[in-house]
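# A look at the structure
What follows is each chain in one-letter form.
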Protein chains: 2
Amino acid sequence: MARGSFRQQLLRVREDAIIATVNRLLAEKGFDLMTVDEVAADVGIAKASLYKHFASKEALAAAAMVRVLERGAALLDELAERADLSALDRLRAVASWAMEQQLKGEMPTLPSQNSTLRAELLGSQRYVDLLMTSSDRLGEWILQAQADKAIDPALPPEVVLYTLFARACDPVPGFLKATGQYADDQIVAMMLRTWLDGLRPPAGA
Amino acid sequence: MARGSFRQQLLRVREDAIIATVNRLLAEKGFDLMTVDEVAADVGIAKASLYKHFASKEALAAAAMVRVLERGAALLDELAERADLSALDRLRAVASWAMEQQLKGEMPTLPSQNSTLRAELLGSQRYVDLLMTSSDRLGEWILQAQADKAIDPALPPEVVLYTLFARACDPVPGFLKATGQYADDQIVAMMLRTWLDGLRPPAGA
DNA sequence: GTCTATAAGAGGATAGAC
DNA sequence: GTCTATCCTCTTATAGAC
């Protein structure tokens, strides 16, 4: 793939900076409390300039979501090549990554009720594509883990998939961190343990 | 306790209607997307009248949270008297109730990031009291369930408590309901099973 | 594409009559 | 305590010069 002209690269770098800021603000305060003024001030450009890059506040959020999905997809690529890992290992690694992102304040989360935002996301080809291909891939690993009896085959795979996604925006890690009693990796370890043990086949099976 | 005059009772009834509306709207769209105009229109009174009852939008939300906590506390009272139930049974019943409320669209949830709202809640004596007494009671049952070996004694009790509270606002039941494949009680059963199995002691213990 | 300045409108809150 | 009418701030988005 061509890299484009120098000018285009500059543009790309600036947009990356914008998205990084949006990403952080979405993780910190959420979509509704994040203001476009704030984003512009944080990036260091005028608000009008920001609107030359992204058509709306919703588009900003969508771009941040696409970026995090791209990073997630890259992780899936890596994990798929690791022949030494079981399907359950891969699922554990994905959940672990998501919770680490969240604990570092770099996991953007969006309100699922906002219909304007929802429309913008579903209108984004890239977003929908990434979400579907990632879900397909995770779905395969879930089926494999069930075949391995690492996950209860009686559970509908979508239940497993949804709980995996839910771990990425679970408030519990944040609460535990707020107590100041646990390091990030301890929190992740406890969350993984309770999540995965809840999916195991019954002892008698 | 005296019931107060007839006029005071009327007032109480109206405020109950307001809180019921707020409760539903908070469950449907969340705090940020709920507007005071909407609440007033839904109740059928003018917005200015609404402000005679509650000083601010935050106060409205706090009242709704107090109501749900009161209902939860009433449930805890009932469960405490049931000598036939184990500690784990009681915890299961509480989680079950919370998820049923959520699936019926009657569980108000607030954004944990909004500091104005947080300040209002922590400034409400009744809210803080209810939260603390309920947490204490649940904490006792958690310790008892750990003594019974129904919950892994190695897990910090607060982890169990937080995951219990988190079940009340977990997005997974809503997603499962949206697929149209499961009845509410099936969803609750699957969620309970995965939650509680995740807390069990390891098989070897 | 960047800026300053401003439009446009939503939404929380209040004034003042009854 | 209820109403109508209004205020005022905040926020999204754009106009228009450079």
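All of these numbers come straight from a predicted model, not from anything done at the bench. Going along each chain's sequence as written, the residues are numbered from 1 onward. Chains carry letters and ligands carry numbers; both start at the beginning, A for chains and 1 for ligands, and go up in the order they are written. Under the rules for a predicted model, residues below a pLDDT of 70 receive no local features and side-chain atom pairs below 80 are neither given nor counted, while totals for whole chains, interfaces and linings still include all residues. The basis for the side-chain values is all heavy atoms of the structure; hydrogens and waters are excluded.

## Here we look at the relation of the copies chain A and chain B
Superposing copies: least-squares fit, C-alpha atoms only, residues required to have pLDDT of at least 70 in both. Superposition of chain A onto chain B requires a rotation of 180° combined with a translation of 0.0 Å along the rotation axis, giving an RMSD of 0.0 Å. Here the transformation between the copies is reduced to the relation of a two-fold axis. Closest approach to the rotation axis within chain A is made by the C-alpha atom of Gly 198 of chain A, at a distance of 1.8 Å. Note on contacts: a residue pair qualifies if any of its non-hydrogen atoms lie within 4.5 Å across the two residues. Most of the interface of chain A is mirrored in chain B: 100% of its interface residues are interface residues there too.

## Side note on the packing of aromatic side chains
Put simply, two rings from Phe, Tyr or Trp (the six-membered ring, in Trp's case) pair if the centres are within 6.5 Å, and we call them stacked under 30 degrees between planes, edge-to-face over 60, tilted for the rest. Across all of its chains, the model carries two aromatic pairs over all chains by this definition. Positioned above the aromatic ring of Phe 31 of chain A is the side chain of Lys 57 of chain A, whose terminal nitrogen or guanidinium carbon lies 4.5 Å from the ring centre. Lysine NZ or arginine CZ positioned within 6 Å of the ring centre and within 35 degrees of the ring normal marks a charge as sitting over the ring.

## Some words on the nonpolar core
In plain words, nonpolar cores are sets of buried Ala, Val, Leu, Ile, Met, Phe, Trp, Tyr and Cys residues tied together by side-chain atoms within 4.5 Å. Think of it in three bands: residues with accessible area under 20% of the maximum for their type are buried, residues over 50% are exposed, and the middle band is partly exposed, with areas taken using a 1.4 Å probe on protein chains only. Of all hydrophobic cores here, the largest spans 46 residues; its most connected members are Leu 91, Val 94, Leu 138 and Trp 141 of chain B. Here a helix means four or more residues in a row that DSSP labels H or I, a strand means two or more in a row labelled E, and each is numbered from the N terminus. Counting only elements with at least two residues in this core, the list comes to α8 (157–167) of chain A together with α4 (57–81), α5 (87–103), α7 (125–147), α8 (157–167), α9 (172–179) and α10 (184–197) of chain B. Setting aside residues up to four positions removed in sequence, Val 94 of chain B forms contacts with Leu 75, Leu 76, Leu 79, Leu 138, Trp 141 and Leu 164 of chain B.

## Re the protein's contact with DNA strand D
One heavy atom within 4 Å of a molecule or strand makes the whole residue count as near it. Lining the immediate surroundings of DNA strand D are 17 residues, of which Lys 47 and Tyr 51 of chain A together with Ala 46, Ser 49 and Lys 52 of chain B lie closest. Note that a base nitrogen of DNA strand D is positioned 3.0 Å from one of the side-chain N or O atoms of Lys 47 of chain A. Here a polar contact is taken to be a pair of N or O atoms separated by no more than 3.5 Å, where protein atoms must pair a possible hydrogen donor with a possible acceptor and residues adjacent in sequence count only if both atoms sit in side chains. With respect to DNA strand D, the backbone of Ala 46 of chain B contributes an N or O atom lying 2.6 Å from a phosphate oxygen. Secondary structure elements with two or more residues in the surface near DNA strand D: α2 (36–43) and α3 (47–53) of chain A together with α1 (6–33) and α3 (47–53) of chain B. A total of four residues in the surface near DNA strand D trace back to one element, the largest contributor, which is α3 of chain B. When residue character is reported, Ala, Val, Leu, Ile, Met, Phe, Trp, Tyr, Cys and Pro are called nonpolar, Asp, Glu, Lys and Arg charged, and the others, Gly included, polar. Of the residues in the surface near DNA strand D, the class split is eight nonpolar, four polar and five charged.

## Overview of unusual backbone geometry
Positive phi is not limited to glycine here, since Lys 149 of chain A has a value of about 65°. Mapped onto the secondary structure, Lys 149 of chain A falls in the loop between α7 (125–147) and α8.

## Section: the protein's contact with DNA strand C
The local shell around DNA strand C holds 17 residues, among which Arg 14, Ala 46 and Ser 49 of chain A together with Val 36 and Tyr 51 of chain B are the closest. Tyr 51 of chain B places a polar side-chain atom, nitrogen or oxygen, 2.7 Å from a phosphate oxygen of DNA strand C. With four residues, α3 of chain A is the single largest residue contributor to the surface near DNA strand C. Split into classes, the residues belonging to the surface near DNA strand C amount to eight nonpolar, four polar and five charged.

## Things to note about the packing of helix α4 (residues 57–81) of chain A against α7 of chain A
Residues and elements named next belong to chain A. Interaxial angle, 0 to 180 degrees, is taken between N-to-C directions of lines fitted to C-alpha atoms, where a helix line uses only the stretch in contact. Contact pair α4 / α7: the axes reach a minimum separation of 10 Å and the direction vectors enclose 30°. For the element pair α4 / α7, the angle class is roughly parallel. As for how α4 packs across α7, the hand of that crossing is left-handed. Counted together, Met 65, Val 66, Leu 69, Glu 70, Ala 73, Leu 76, Asp 77, Leu 79 and Ala 80 of α4 and Arg 126, Tyr 127, Leu 130, Leu 131, Ser 134, Arg 137, Leu 138 and Trp 141 of α7 form the full contact between these two elements. To sort the angles, those under 35 degrees are grouped as roughly parallel, those over 145 as roughly antiparallel, those from 65 to 115 as roughly perpendicular, and the leftovers as oblique. Each crossing gets its handedness from the near helix: less than a right angle anticlockwise from the far helix is left-handed, clockwise is right-handed.

## Focus: the interface of chain A and chain B
Counting residues at the interface gives 33 residues for chain A, matched by 33 residues for chain B. A quick way to say it: buried area is the sum, across both parts, of accessible area lost when two parts are put together, with a 1.4 Å probe. Counting each side, the surface lost to burial between chain A and chain B is near 2,700 Å², with a carbon and sulfur contribution of 62%. Sorting the residues of chain A by area buried against chain B places Gln 113, Tyr 162 and Arg 193 of chain A first, and these three jointly supply 19% of that buried surface. We define a salt bridge as a contact between a side-chain nitrogen of Lys or Arg and a carboxyl oxygen of Asp or Glu at a distance within 4 Å. Taken together, the links from chain A to chain B amount to two salt bridges. Between Arg 193 of chain B and Asp 152 of chain A there is a salt bridge, with its nearest N and O atoms 2.5 Å apart. Taken together, the elements giving at least two residues each to the side of chain A that touches chain B come down to α1 (6–33), α8, α9 (172–179) and α10 (184–197) of chain A.

## Looking at the packing of α4 of chain B against α5 of chain B
All names here are of chain B. Taken N-terminus to C-terminus, the directions of α4 and α5 make an angle of 150°; their axes are 10 Å apart at the nearest point. Considering the angle they form, α4 stands roughly antiparallel to α5. Here α4 and α5 pass one another in a crossing that is right-handed. Mapping the contact onto sequence places Val 68, Arg 71, Gly 72, Leu 75, Leu 76, Leu 79 and Ala 80 in α4 and Arg 90, Ala 93, Val 94 and Trp 97 in α5. Split into classes, the residues belonging to the contact of α4 with α5 amount to eight nonpolar, one polar and two charged.

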